[in-house]
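# Reading the structure
Chain residues, written in single-letter form:
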Amino acid sequence: MSHPEIEEALPSDRSGKPGDSIGARRIRHAFRFAVLACVVATLTLWFAENYLRYPKPERLYRMALLHEDDSARALLRNLVPKDDEIPQDPRFGTYLAALAFIEDGTWERQRQGIYESYAVDPLVIERYEQALGADKENPFILTLFGCALFLDGQYTRARDVFRDARRFTPAEDALPAYLEAAARAHLGEMGEALSLIRQTSGNPAMRIHIPEPLWHPSLPRQGMWYAHVQRRLTERVLAPLVALKNLVCSRAGRHAPESPAPNTPTQDAGGGAQPAFDKEAWLQEVETLGRRLLAVPPSATGAGAAQVDATVGESIARTLTTLQARLSLTFQQEALRLRLQSVSLPAADREAARRRLQLIEDAQAQLQAFDETRSERVLQHAVVVNRPGVLCFQTLAACLAAYALAYLLGKLLHAGRTAWAVPHPSWVLASLGAVFLLLLLILLTLLLIGSVTRQPGAWLDGCSYAWYGLVASLMLAGLAYPRLLLRRATTGPSPSHDSAPEPPSRTASPAVRGDTRAYAGMLRRYYGMLAATFLVFLCVYAIAHRLITGLYPFIHAKLLISGLQQEELDLVLRVRFLLDGAMF
């Protein structure tokens, strides 16, 4: 709808100045096209990285790593060959191993301390067999497969699989040998198991290396989700060792002094006599195994201990889960030894043993306290990491709501677009650009500080208040800016000295300044421009976030929320050195 009084009041030429409706329309269309181009370009980059960068199997595997088990299972099942012909591709074996790991729900029972054998879904065994069909020499797949067989009670197959894992594992890795010994012990081959453990523990070059979790190289490893996957894997591969400890302590407990006929020969499954159970030797080896779970160089002491061998694999080997397994092994072994030797030990030695047990209990209490506060501390850091997203979505919602209200007001008043030909002053555009630059600096500041600190503080509230203040100034300026712009347009250019003064109707038009419909049209124009500019701002921030962190914002925050790996490593090393210094 046109307004003749406005058209008459506004000067008209062909240079895009007030009154040039065709030029104004071209500028509006160019602005809208630029905004659309920014949004489409950003979405295209995101889509290309997540859906076009990798082949389909790798893409599904990468996506599955970031989802909960139910969603991840649905994604990875698409990779199972329909014709049972497994591609001879090592990467495909990893994908099927990831599916088998997710299909196996045993880890939930492991977290409850249930390490004894129970039925594993046959589908899990089938998945591991398919994974080995694609990569027969992968020690990681062999280790996970052996653990699944062990927990299913198939100790003979587990022993053979662990033996195969030893063949393809580096010579300095002691984990497959200990796992094989655990399977042998549950088969009743106590002598062979003890010999294997002694041979492994007697080699100082061998150390227990917990395998790295299933992960993708394009994803960061310091986040909460990675720590979650890491704990699951650690619990899985340590389950046979904890079961071995339970078996040894159970058999040794039956040979306590008050039990009749200690060290009597046992019967194997076929009725044949087995050698007597050497409880002293087994308890000694369990103690040695507990020490080796967290073996670090003896020179690693003091404040710099947390940086010792700070590679990813070594850090995984010293997680809280590993220390908890070690304390479990050590505490039960110490308590049982004190019980068995309570009569023969001197009073001083019995008191020293009780002090060691108390020290282990104190260490377990520290770990339990850390576990109890883990969720709260992760949630605190989640508040920090998610604050930029909260601010952005709140601001976008406010801009869209303001534009919707202005649009409805314009429709109710039948406001046209004639006044949209009034150009924005350059100082207004410069001010708007400066405000959005400050908003971008606030987001980058939140991102930088959030990567350093784990708890929200005054800095977080200060940045949020500064953001809200800038956004409020933009929103409130929209109420006064249309009237200022219309007043400037109706005033027209300053007359020159050579020209005659213009009529009062062209220098001050109360009809135009008071026109509500023109005001509503300019109000809609301002908030539309504000919402569109903020969309461009979000695109710029998304690209900057991708360049800094390697991830797009607002999507995978759980990869940026701290998993407390460094705090956990510091606690593990502190407790480890405390135990070694006071006990061993």
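Residues numbered from 1 in each chain as written. Predicted model: local features only at pLDDT ≥ 70, side-chain atom pairs only at ≥ 80, totals over all residues. Heavy atoms only, no water.

## Re the overall build of the protein
Filter applied, for reference: Secondary structure elements follow DSSP: runs of H or I no shorter than four residues count as helices, runs of E no shorter than two count as strands, and numbering proceeds from the N terminus. Only protein chains enter the calculation, and the probe is 1.4 Å; a residue is then buried if its accessible area is under 20% of its type maximum, exposed if over 50%, and partly exposed in between. A contact between two residues is defined here by any heavy atoms of the two lying within 4.5 Å. Only the protein chains shown count as cover for residues, and all accessible areas are computed by the Shrake-Rupley method using a 1.4 Å probe.
Tallying secondary structure elements over the protein gives 22 helices and two strands in all. Residues classed as buried in the protein amount to 49% of the 584 residues present. Expressed as a percentage of contacts within the protein between residues at least 6 apart in sequence, the contacts between residues at least 24 apart total 78%. Accessible area of the protein: about 27,700 Å², with a carbon and sulfur share of 59%.

## Quick word on the environment of cysteine 463
One can find cysteine 463 in helix H18 (residues 458-491). For cysteine 463, a relative accessible area of 14% translates into the label buried. Considering only alpha carbons, one finds cysteine 463 and leucine 446, 17 residues apart in sequence, at a separation of 7.4 Å. Not counting residues up to four positions away in its chain, the partners in contact with cysteine 463 are Ile442, Thr445 and Leu446.

## Thoughts on helix H11 (residues 190-201)
To keep it simple, the criterion reads: How far a helix is expected to stretch is found by multiplying one less than its residue total by 1.5 Å. In this description, one arc is meant: the one made by directions from the helix axis to the C-beta atoms.
For H11, spanning twelve residues, the distance from its first C-alpha to its last is 16 Å, which sits close to the expected 16 Å at 1.5 Å a residue. Buried within H11 we find Met190, Ala193, Leu194, Leu196, Ile197, Thr200 and Ser201. Each buried residue of H11 sits inside an arc of 160° when the element is viewed along its axis, so together they form one side.

## Structural notes on the packing of aromatic side chains
Condition: Centres within 6.5 Å are what make two rings of Phe, Tyr or Trp a pair, Trp counting through its six-membered ring; a difference in plane orientation under 30 degrees is then read as stacked, over 60 as edge-to-face, and the rest as tilted. The rule for a charge over a ring is simple: NZ of Lys or CZ of Arg within 6 Å of the ring centre, and within 35 degrees of the ring normal.
A complete count under the given rule lists 17 aromatic pairs for this structure. Where phenylalanine 436 meets phenylalanine 537, the ring centres are 5.8 Å apart and the plane angle is 45°; that geometry is what we call tilted. Of this pair, phenylalanine 436 sits in helix H17 (residues 426-450) while phenylalanine 537 sits in helix H21 (residues 516-549), placing them 101 residues apart in sequence. Classification of phenylalanine 436 as buried rests on a relative accessible area of 8%. Judged by relative accessible area, phenylalanine 537 falls into the buried class, the value being 6%. Each member of the aromatic cluster is reached from another via a ring pair, and the members are Phe436, Trp467, Phe534 and Phe537. The side chain of lysine 558 reaches across the aromatic face of tryptophan 225, ending 4.0 Å from its centre.

## Some points on a nonpolar patch on the surface
Filter applied, for reference: Two distance rules govern patches: like charges are joined within 9 Å, and nonpolar side chains (Val, Leu, Ile, Met, Phe, Trp, Tyr) within 5 Å, applied only to residues with over 30% relative accessible area and no salt bridge. Whenever Lys or Arg places a side-chain nitrogen within 4 Å of a carboxyl oxygen from Asp or Glu, that contact is recorded as a salt bridge.
Taken together, the side chains of Phe47, Tyr51 and Leu52 present a nonpolar region at the surface, about 300 Å² in accessible area. Take leucine 52: it is sitting in helix H2 (residues 21-52).

## Quick notes on the packing of helix H7 (residues 122-134) against helix H8 (residues 139-151)
As a reminder, the rule being used: For helices, the fitted axis covers only the stretch in contact; all axes are lines through C-alpha atoms, and the angles between them, taken along N-to-C directions, range from 0 to 180 degrees. Here the word oblique covers every angle except those under 35 degrees (roughly parallel), over 145 (roughly antiparallel) and from 65 to 115 (roughly perpendicular). Helix crossings are classified by the rotation of the near helix relative to the far one: an anticlockwise turn of less than a right angle makes the crossing left-handed, while a clockwise turn makes it right-handed. Basically, the charged four are Asp, Glu, Lys and Arg, the nonpolar ten are Ala, Val, Leu, Ile, Met, Phe, Trp, Tyr, Cys and Pro, and anything else, Gly included, counts as polar.
As a packed pair, H7 and H8 sit with axes 10 Å apart at the nearest point and diverge in direction by 160°. It follows that H7 is roughly antiparallel to H8 by the angle criterion. The two elements H7 and H8 cross, and the hand of that crossing is left-handed. Contacts from Ile125, Tyr128, Glu129, Ala131 and Leu132 of H7 reach H8 at Ile141, Leu142, Leu144, Phe145, Ala148 and Leu149. The residue makeup of the contact of H7 with H8, split by class, is ten nonpolar, no polar and one charged.

## Observations concerning unusual backbone geometry
Despite not being glycine, phenylalanine 554 shows a phi value in the positive range, around 70°. Here phenylalanine 554 is to be found in the loop between H21 and helix H22 (565-582). Judged by relative accessible area, which is 38%, phenylalanine 554 ranks as partly exposed.

## Looking at the confidence of the model for the protein
Cut-off, in case you're wondering: As a per-residue measure, pLDDT tells how confident the predictor is, with possible values from 0 to 100.
Looking at the protein, the pLDDT average stands at 76 and 72% of residues meet or exceed 70. The spread of mean pLDDT over the elements of the protein runs between helix H19 (residues 504-507), the lowest at 40, and helix H9 (residues 155-168), the highest at 93. Note that pLDDT drops below 50 for residues 1-18; the model gives that stretch 42 contacts with residues more than four away or on any other chain. The low-confidence segment residues 296-318 (pLDDT under 50) makes 50 contacts with residues lying over four places distant or belonging to another chain.

## So, the environment of alanine 72
Take alanine 72: it is sitting in helix H4 (residues 69-76). Along the backbone, alanine 72 and leucine 60 are twelve residues apart, and their C-alpha atoms lie at a distance of 8.7 Å. Beyond its immediate chain neighbours, meaning those up to four positions away, alanine 72 contacts Ala64, His67 and Ile102.

## Quick notes on the pattern of salt bridges
Evaluated as defined, the whole model comprises 17 salt bridges. Here arginine 546 ties to glutamate 49 by a salt bridge, and the two come within 2.9 Å at their closest N and O atoms. Within this pair, whereas arginine 546 is found in helix H21, its partner glutamate 49 is found in helix H2, the two being separated by 497 residues in sequence. The exposure class assigned to glutamate 49 is buried, which follows from its relative accessible area of 12%. What you see here is one network of salt bridges that share partners, running through Arg159, Asp160, Arg163, Arg166, Glu180, Arg184 and Glu189.

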